[in-house]
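Secondary and tertiary structure notes
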Amino acid sequence: MSKRDYYEVLGVSKDAGERDIKKAYKRLAMKYHPDRTAGDAELETKFKEVKEAYEVLTDSQKRQMYDQYGHAAFDQNGGGQGGFGGGQGDFGDIFGDVFGDIFGGGGGRRQSRQQRGADLRYNMDLSLEEAVRGKNAEIKVPTWVSCSPCDGSGAKAGSKPKTCTTCHGAGQVQMRQGFFAVQQTCPTCQGTGSIISDPCNKCHGQGRVEKTKTLSVKIPAGVDTGDRIRLSGEGEAGMHGAPAGDLYVQVSVREHPIFVRDGNNLYCEVPISFSTAALGGEIEVPTLDGRANLKIPAESQTGKMFRMRGKGVKSVRSGAVGDLICKVVIETPVNLNDRQKELLKEFEESMGGENSNNRPKAQGFFDGVKKFFDDLTK
């Protein structure tokens, strides 16, 4: 009896990719698998045919030979079954390759029995000055640490954990339900693969105990809110000698009464008097390094920005230094005495009203308002 074309068996085209071939095989294998067909000889034969086609078409060398020579490439004795074993190989290997992502895989793969300890997070609040300059800090962290008397094993000194007789050290057991096989954590050893018959008196078999650790943390200069500092192995110790997790120090920088930080730049508002804005002058402004002088040119308007280069924050990553941006705000004088009010009235009269050349913004604004109302009346 002649064999059917392998592509026809799987119902795929000759240019089908491996993904399409696997998808077709999954569908047909579930349909014809012996566990589901109750010993039907005809369906079992179809399953072997599907399996044989899949084995050839997912092997690049075999597929190339098949495309060139057909079934003759593997028919060494005329029986049509030679070459690669005629589909008589271990079903578990091929089926596990295709369905491994659903059912936990085949081929005897097992998960690691040691579960790493949990990572910890410590929130650290810093002032802007501390964040910019960096600091060394001591922190206290309540956590789990490896038990000293049993060296983390959980077994009393002089004894050792025994291999679990249920899972034989694998940490998992396989539950079969007809066609499906599902791996579960071993209920006897809880996935550790071993049983402690004589537990340590201090940790009661856990291999770890609670303790508050004091750690020294170096905060690098330039950190900002949201940055994390990782202390490897300073998290919770795992059970039964498993590796410890990590500790992450989460940085949060408090608001500053003067400066606002944006990346590596600092911003601050500097109030100036009306006369300084009009006539110009030199004012003293704060920086993180101390006081500095800032020149204000004549006729400066409120909201004008002045950049002081290199007076910002040094980046913790690139080392580049930002700037200090000073925004001048003209302060309206308050609590005026009678003489000051008279002087301001005289000054206002000397300005010549709204159309004065001394007030270009006001002149432009009122010209625009006039044009707006003229357009409305047209």
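Because the structure is a prediction, the values reported are computed rather than measured.

**Overview of unusual backbone geometry**
With phi around 60°, H168 is a residue other than glycine that occupies positive phi space. By the secondary structure assignment, H168 is in the loop between β3 (162-163) and β4 (172-177). Within the chain, N335 stands out as a residue other than glycine whose phi angle is a positive 55°. Looking at where N335 falls in the secondary structure, it is placed in the loop between β15 (324-330) and α9 (338-350). You can call N335 exposed: its relative accessible area is 75%.

**Focus: the side chain of R208**
Its place among the elements puts R208 in strand β7 (residues 208-219). The class for R208 is buried, based on a relative accessible area of 13%. Once residues lying within four places of it in the same chain are set aside, the contact partners of R208 are W144, V145, S146, C147, C203, E236, A237, G238 and M239.

**Remarks on the pattern of salt bridges**
One pass over the full model with this rule turns up 19 salt bridges. Salt-bridge contacts for K135 lead to E130; the nearest nitrogen and oxygen are separated by 3.2 Å. By sharing partners, the salt bridges in this structure join R116, D119, R230 and D246 into a single network.

**Focus: the sheet that holds strand β14 (residues 305-308)**
Sheets are built from strands that pair by backbone hydrogen bonding, the pairs being arranged parallel or antiparallel. Taking strand neighbours across the sheet as the criterion, the 4 strands line up as β10-β11-β15-β14 in an open arrangement whose pairing is mixed. The sheet is open, and its two borders are formed by β10 (260-262) and β14, each paired with just one other strand. Recorded for the sheet is a direction-independent mean angle of 30° between the axes of neighbouring strands. By the bridge criterion, 7 bridges tie strand β11 (residues 265-272) to β15 in an arrangement that is parallel. Within β15, the position partnered with P271 by the bridge is V329.

What counts, and at which threshold
- Residues numbered from 1 in each chain as written.
- Predicted model: local features only at pLDDT ≥ 70, side-chain atom pairs only at ≥ 80, totals over all residues.
- Heavy atoms only, no water.
- Helix = DSSP H or I, 4+ residues; strand = E, 2+ residues; numbered from the N terminus.
- Buried < 20%, exposed > 50% of the residue type's maximum accessible area, 1.4 Å probe, protein only.
- Contact = heavy atoms within 4.5 Å.
- Salt bridge = Lys/Arg side-chain N within 4 Å of Asp/Glu carboxyl O.
- Pairing = 2+ DSSP bridges.
- Axes fitted to C-alpha atoms, helices over the stretch in contact; angles between N-to-C directions.

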